[in-house]
Each structure stands twice: as structure tokens, then as C-alpha cells.
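Residue strings, one per chain:
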Amino acid sequence: MNYKAGDLIKVKTKEGVYKGTYIPRKGNSIVIKLESGYNIGIDKNKIDNISLVRKQKKIKQKKEKIKQNNKLPTISILHTGGTIASKVDYRTGAVHSEFSPEEILRMFPELKEIANIRSRLIFQMFSEDMGPEHWEILAKEVKKEIEKKVDGIIITHGTDIIHYTSAALSFMLQNLPIPVLLVGAQRSSDRGSSDASLNLINASYFISKTSFNGVAICMHENTEDNSCLILPGTKTRKMHTSRRDAFKAVNDIPIAKVDYKKNIIENIKKIKENNESLISNIGFEKKIALIKIRPGFSHKELEFYKNYKGIIFEGTGLGHLAVSVLDKHTKEHKKTLDMIKKLSKKIPIFMASQCIFGRVDMNVYSSGRDLQEAGVIALEDMLSETAYVKLGWLLSFEKNQKKIKELMLKNIAGEISERTQLNEFL
Ligand code: ASP
């Protein structure tokens, strides 16, 4: 194969002829991007013939000088990767590491009217590959931008774990003086239905007009391509694999609704003033577990975590796991309870719910009460993902078990709400 990334080629098989842009990939298939924007892989053994239609067009990009407009706010875009900037990736088949302000303004020209844009490439990765070390680096980069006195920060990010990153930044950097918005896209910029542009422009528009300070996520409100929601950094979750409105506030309401085309910003939550100085506490203890409970869960699985520093269970319903002995098949459950009792003397163990919405209440059923007696602490209405991030963060600087338990139940960054409101459900 002498074709280069970006060449237009025609692949003939018994089933048909496929024309598209060549994307080099390892393996037994030839991958091409069809005109529809979709990629297909064609088994090399099934190919009768490949021909070149046209060599890759060299796109000459004019280096235009960006003029600063003193009347506009300054927004820093920190890019970490993901679908939101994958246009460049798809055209050439290669990962493009440049994410300059010129390039961003070329891709999203509306931004010029809203703000002076700066940008830096922090990572170029799928968000599922990110870990606590990346959150620490990112928090330090956000701090640097704040010190440069920008008016707001946008972090472009893969959608898969964007809500973990937003929780991590919410704990690591408290009392932010400016808005820090994480923005992703479910569909890449080279698809007609891409949400990249609307999410990014609405996020910039919100930053340019709001007095909100803190970490939030900006994504599509619904299936139409008009408005976005500004969602709380510690109480938001990806609830759909592919829909553009996949992100929902959980046990909370959105902060605001934004529609830049109609010049609308509707504050849904009361925006609080912040006069306190920035607290930065950047660190993460990785030896903690988030365990999803399921039927058939065995005490033997807990053995693995005996040297861990903390555990979050994502229990069933109100916060349960199998600890009741009811017949010959449930005898082993006592061992699970005993093991939890033993572990909780050494490490903190908490309970969130896999129901996602609602509050953990371990006083209703005997299994909940038994677990509490064994030392498990109910995490109110905190999301399990947020609880995982909070515990890792807390353990990086606090070693006192009593203090850790107290702080897990103290609302630090909006992760626990006192009361559950009726409108806090899908
Ligand atoms: N898996 C991708 C990621 O999270 C999806 C996306 O970019 O939205 O990086």
C-alpha cells in the first residue's frame, strides 16, 4: 500500500465499491472515511482492487494575526483531547498535536465576537485513558491560567470521564475566582450533527456574561442544536452513550441554560458571590476502590482490597449488599459482613447507590442497618463517581480516619445536597 493518510481511494470488493479518505491503521482491514463522515473497515482479504482517485490535498493555511479586542473578555482554552477536536484527526488519519488559537478560531469563527482566545495543548488523549495524575497536572495548569488573570477557562475534554475530571478540579481548586467550564462533544466536528461548535460557543458566551465562579460542564440541553446547560461539577453524569444531550444533573438542577444565538442566559440556580481566596490542594491517593455490588458478590472479592486505603461501595437500592443469611444459598453472606467489619476497623468504607438518582438511606432495611453497624457510612445523595474522587483527594492529605469520615459527609464542593427536590430527576 503506497497510499498516504488523507488520499482519496477507491476500494473494490465483491460486495461493492467504496470511495473514501484513506486512514492508516494497523491490522487486517483498510480503513476509509466515507463522504458521509463514517469510517468503515474493509477486510484486506476481501479486496479485489484498490485505486487512487486523488492525492491528499495540501491545505495551505494562512497565518492570520489575531487582533486583541480590549472590550472582550479573555478566555483560555486548555485542550486535553477527545472527540471535540477530532476534525484534524479524521482528515489526515493522524493525531494533530497543534491546538493553536488560530486553528480554534478557524474551526469556530463565532468565538472571535465573544472573547479573546488563548489556547494551550495540555494532553492529546481519549479521556478514558486519563487518571488521577492527569487531574493533578490539569489542576496546576488551571491555577497557572488564573494567575495570568484570564476571565474564564474552557477545558476541552473527552466526554467519557469528563464528570470525574470536573469533580477532581472542584475539590482540588476551591473558591475559584472565575468560571472553569469543561466542554466535550459526542460527535466529531466533521459530522453535520456535531455538537462541538455549539458546546464551545455557548460555553464562551456564558463565560463572557456570567458572574458564576466555579467548575461546571457545558453540553447540549436537548436533541435540538440550540441551547446548552451549564451543569454542576460534582453532580453531573454521562447518561447516554451517544446522544448529544447525554449529560444530566443528578440530584441537582443545572446552573444555567445558554443559547448564544438568541443572546439568552437563563440562570436556573442562584449564582453565589465569591469573595474568598483560592484554595488549592492538589493530590490524589490512588489506592482506593469503587466497587459495584451485584447479585453473586462474594466476600472473597473483598480480600483483594485488604491493603487499600478506602472503599466506596456502589450498593443496590437505598445502599445495600448481600449480608443477610436466609437459606442454605445465603450462608456465605455472613462472611461478607464479617469481612466488612474487619476491614472498616482499618480503613474508611462508604456507601453510594447504583440507582444514580436519590439518597442512600441505610436505616430502612435490616441489611442497611447491619452494614452501618459493621462500619459502613452512607454518603447521602453523592454520586459514586464523585465519592471516589473525593475520597482519593481527601486521603492524599488527611490521614486521620475520624476526620476523613467527617469530611466525606461535609459538603465541600456542592457534592451533597441537604434536601432532594422533586425537579431533580430526568
Ligand atoms: N472516548 C472519547 C473520550 O472520552 C469520547 C469523546 O471524546 O467524547 O475521549
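Sequence positions are assigned chain by chain, starting from 1 and proceeding in written order. Only residues with pLDDT of at least 70 are given local features in this predicted model, and only at 80 or more are side-chain atom pairs given and counted; all residues enter the totals for whole chains, interfaces and linings. By convention in this description, side-chain values take in all heavy atoms of the structure and omit both hydrogens and water.

Another point: the sheet that holds strand β15 (residues 256-259). The eight strands lie next to each other as β7-β6-β8-β10-β11-β12-β15-β16, forming an open sheet whose pairing is mixed. A single partner strand is all that each edge strand has here, and the edge strands are β7 (116-121) and β16 (264-267). In this sheet, neighbouring strand axes are inclined to one another by 25° on average, regardless of whether the strands run parallel or antiparallel. For two strands to pair, DSSP has to find at least two bridges joining them. A helix here means a DSSP run of H or I that spans at least four residues, while a strand means a run of E at least two residues long, and both kinds are numbered starting from the N terminus. Pairing geometry for β15 and β16, over four bridges, is antiparallel. Bridging across to β16, Val258 finds its partner in Ile265. Any two residues whose heavy atoms approach within 4.5 Å are treated as being in contact. Between N-to-C directions, angles span 0 to 180 degrees; the directions come from axes that are lines fitted to C-alpha atoms, helices contributing only their stretch in contact. The strands touched by helix α4 (residues 132-147) within the sheet are β6 (74-79), β7, β8 (152-156) and β10 (179-183), with β8 carrying the most contacts at an inclination of about 150°. Here helix α5 (residues 162-172) sits on the sheet in contact with β8, β10 and β11 (214-220), set at roughly 160° to β11.

Another aspect to go through is unusual backbone geometry. Notably, Asn263 is not glycine yet its phi reads approximately 55°, a positive angle. Topologically, Asn263 is positioned in the loop between β15 and β16. Judged by relative accessible area, Asn263 falls into the exposed class, the value being 56%. Positive phi values are uncommon outside glycine, yet Ile356 reaches one of about 75°. Looking at the secondary structure, you find Ile356 in the loop between β20 (349-353) and α9 (366-373). Only protein chains enter the accessibility calculation, which uses a 1.4 Å probe. A residue is then buried if its area is under 20% of the maximum for its type, exposed if over 50%, and partly exposed in between. On the accessibility criterion, Ile356 (23% relative accessible area) is partly exposed.

Further remarks concern the site of the ligand. It suffices for a single heavy atom of a residue to lie within 4 Å of a molecule or strand for the residue to be listed as near it. Around the ligand, the neighbouring residues are Gly82, Thr83, Phe126, Ser127, Glu128, Gly158, Thr159, Asp160 and Ala185. Within the side chain of Thr159, one N or O atom sits 2.5 Å away from an oxygen atom of the ligand. Computed with a 1.4 Å probe, the accessible areas rest on the Shrake-Rupley method; for each residue, only the protein chains presented here act as cover. Burial of the ligand by the surrounding chains reaches 88%, relative to a free accessible area of 260 Å². Polar here means any residue outside two lists: the nonpolar Ala, Val, Leu, Ile, Met, Phe, Trp, Tyr, Cys and Pro, and the charged Asp, Glu, Lys and Arg; Gly therefore counts as polar. In terms of residue class, the shell around the ligand is made up of two nonpolar, five polar and two charged. Two N or O atoms form a polar contact when they lie within 3.5 Å of each other; inside protein one atom must be a possible hydrogen donor and the other a possible acceptor, and for residues adjacent in sequence the pair counts only when both atoms belong to side chains.

Below, the discussion takes up the nonpolar core. To define a nonpolar core, start from buried Ala, Val, Leu, Ile, Met, Phe, Trp, Tyr and Cys residues and group those joined through side-chain atoms within 4.5 Å. In terms of nonpolar packing, the biggest core is built from 53 residues, with Trp135, Ile153, Ile155, Val389 and Met408 touching the most fellow members. Residues contacting Ile155, with those up to four places away along its chain left out, are Leu78, Thr80, Leu138, Val142, Leu169, Val180, Leu181, Leu182 and Val183. Counting residues in each nonpolar core, the second largest holds 34 residues, with Leu111, Ala216, Ile255 and Ala256 among its members.

Here, a salt bridge means any Lys or Arg side-chain nitrogen found within 4 Å of an Asp or Glu carboxyl oxygen. Taken as a whole, this structure holds 25 salt bridges when the rule is applied. A salt bridge links Glu145 to Lys148; its shortest N-O distance comes to 2.8 Å. A residue is classified by how much of its surface remains accessible, and Glu145, at 1% relative accessible area, is buried. The partner of Glu380 in a salt bridge is Arg359, and the shortest N-O contact between them spans 2.9 Å. With Glu380 in the loop between β21 (376-378) and α10 (384-395) and Arg359 in the loop between β20 and α9, this pair connects stretches of sequence that are 21 residues apart. Among the residues examined, Arg359 registers a relative accessible area of 22% and is labelled partly exposed. Because the salt bridges share partners, they merge into one network encompassing Arg120, Glu141, Lys144, Glu145 and Lys148.

On to the sheet that holds strand β2 (residues 17-23), then. Pairing in this open sheet of five strands is antiparallel, and the strands run β4-β3-β2-β1-β5 from one edge to the other. This sheet does not close on itself; its edge strands, each paired only once, are β4 (39-43) and β5 (47-54). Averaged over all pairs of adjacent strands, the angle between strand axes in this sheet comes to 45°, irrespective of strand direction. Note that strand β3 (residues 29-34) and β4 share five bridges and pair antiparallel. Paired with Ile30 across the two strands is Ile42, which belongs to β4.

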